[in-house]
Amino acid sequence: VIREKDGTYRAESPDELALVLGATKNNCSVLERGTTTMRCSIFGEEQTFQVLAVNAFNSERKRMSVILRDSNGEYIVMCKGADNIMLPLCTLGDDEKANADSCLIDLSVQGLRTLVIAQKKLDSTTAEKWLAEYNAAASSMSERSTKLERVAAELEVNMELLGITAIEDKLQDEVPEVIADLAKAGIVV
């Protein structure tokens with residue numbers, strides 16, 4: 001998500017835009033986002049983060065993560081993705097898992113699309129070792145995407161569940177009509 005000079009936001013997906021706009025209603029906002037830094041206001045306190053790496057979303061991973069370093073030098077992995085992928089990557093007790101599953105069912109019954117958000121703090125030794133592996137994978141001349149996915153997967157484990165988001169996924173114009181036409185044509189939907 002990028003904040004324009006006029007204060008509006010631009011995002012790759014409606015989900016990301018909705019999440020950022022929702023956060024602004026709770027006194028959290030992105031002030032500026034560059035390729036290597038991000039300035040945020042979190043509950044009225046301005047914070048700057050260095051963006052060290054991005055593990056991109058794809059249809060196989062069904063998640064994305066970003067590795068940040070805050071102004072105190074603390075390393076943080078922030079990850080969001082599909083609930084069925086993310087929950088097994090989080091460290092949850094039985095009660096926490098049951099509560100998360102119950103919330104996900106309640107939200108899906110309402111027709112909402114859910115995302116799970118998690119984080120993990122890293123010590124500097126672990127972070128720097130991982131970043132070296134990430135940079136080696138990113139500069140590889142062969143099987144780059146496979147290597148990047150493997151390195152990302154090594155990091156995106158034992159995370160702390162931060163929350164579950166739910167967004168209304170409105171049908172695009174004429175979708176009901178197209179589905180009806182497909183059914184009339186004998187295609188099982």
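These numbers were taken from a predicted model, which means no experiment stands behind them.

Peer 1: Looking at this structure, I do not really get the sheet that holds strand β3 (residues 28-33). What am I missing?
Peer 2: Two orientations exist for strands paired in a sheet by backbone hydrogen bonds: parallel and antiparallel. Read from one edge to the other, the open sheet built from seven strands follows the order β3-β4-β5-β6-β7-β8-β9, with strand pairing classed as antiparallel. With one partner strand each, in any of the chains shown, β3 and β9 (160-168) form the two edges of the open sheet. On average, each strand axis in the sheet is tilted by 30° relative to the strand beside it, whichever way the strands run. Bridge count for β3 against strand β4 (residues 37-42) is five bridges, and the pairing is antiparallel.

Peer 1: Hey, could you run me through the pairing of β4 in this one?
Peer 2: On a regular strand, each side chain points to the face opposite its neighbour's, so the side chains alternate between the two faces of the sheet. Between β3 and β4, which pair antiparallel and follow one another directly, the connecting turn spans three residues. One ladder, built from six bridges, connects β4 with strand β5 (residues 45-55); its direction is antiparallel. Within β5, the position partnered with Arg39 by the bridge is Thr48. Counted between consecutive antiparallel strands, the loop separating β4 from β5 contains two residues, among which Phe43 sits at a positive phi close to 50°.

Peer 1: Quick question: what am I supposed to make of the side chain of Glu156 here?
Peer 2: Within the secondary structure, Glu156 sits in the loop between α5 (144-155) and β9. Reaching out from Glu156, the side chain makes a polar contact with the side chain of Arg63 at a distance of 2.5 Å. Apart from residues lying up to four places away in sequence, Glu156 is in contact with Asn55, Arg61, Arg63, Met64, Ser65, Cys79 and Leu89.

Peer 1: When you look at α5 in this model, what are you seeing that I'm missing?
Peer 2: The α-helix winds at 3.6 residues per turn, so residues separated by three or four positions along the chain end up facing the same way. If you check α5, its first and last C-alpha atoms are 17 Å apart, about what twelve residues at 1.5 Å a residue would give, namely 16 Å. In this structure, the buried side of α5 is in contact with β5, β6 (63-70), β7 (75-81), β8 (112-122) and α4 (124-138).

Peer 1: Looking at this model, I keep getting lost on the environment of Leu52. Mind explaining?
Peer 2: Take Leu52: it is sitting in strand β5. A relative accessible area of 22% places Leu52 in the partly exposed class. In this structure the C-alpha to C-alpha distance between Leu52 and Glu177, which are 125 residues apart in sequence, comes to 46 Å.

Peer 1: I keep staring at the pattern of salt bridges and nothing clicks. Help me out?
Peer 2: For side chains of opposite charge, pairing can occur when their charged atoms come near one another. For the structure on display, the rule yields ten salt bridges. Notably, a salt bridge pairs Arg63 with Glu156, separated by 2.5 Å at the nearest N-O pair. With Arg63 in strand β6 and Glu156 in the loop between α5 and β9, the pair connects residues that are 93 residues apart, well separated along the chain. Ionic pairing is found between Lys121 and Glu74, a salt bridge with its closest N-O pair at 3.3 Å. Taken as a pair, Lys121 in strand β8 and Glu74 in the loop between β6 and β7 lie far apart in primary sequence, 47 residues in all. Note on Glu74: relative accessible area 30%, which makes it partly exposed. One connected set of salt bridges, linked through shared partners, spans Glu32, Arg39 and Glu46.

Quick notes on the rules
- Residues numbered from 1 in each chain as written.
- Predicted model: local features only at pLDDT ≥ 70, side-chain atom pairs only at ≥ 80, totals over all residues.
- Heavy atoms only, no water.
- Pairing = 2+ DSSP bridges.
- Helix = DSSP H or I, 4+ residues; strand = E, 2+ residues; numbered from the N terminus.
- Axes fitted to C-alpha atoms, helices over the stretch in contact; angles between N-to-C directions.
- Polar contact = N/O pair within 3.5 Å; in protein donor to acceptor, adjacent residues only side chain to side chain.
- Contact = heavy atoms within 4.5 Å.
- Expected span 1.5 Å × (residues − 1).
- Buried < 20%, exposed > 50% of the residue type's maximum accessible area, 1.4 Å probe, protein only.
- Salt bridge = Lys/Arg side-chain N within 4 Å of Asp/Glu carboxyl O.

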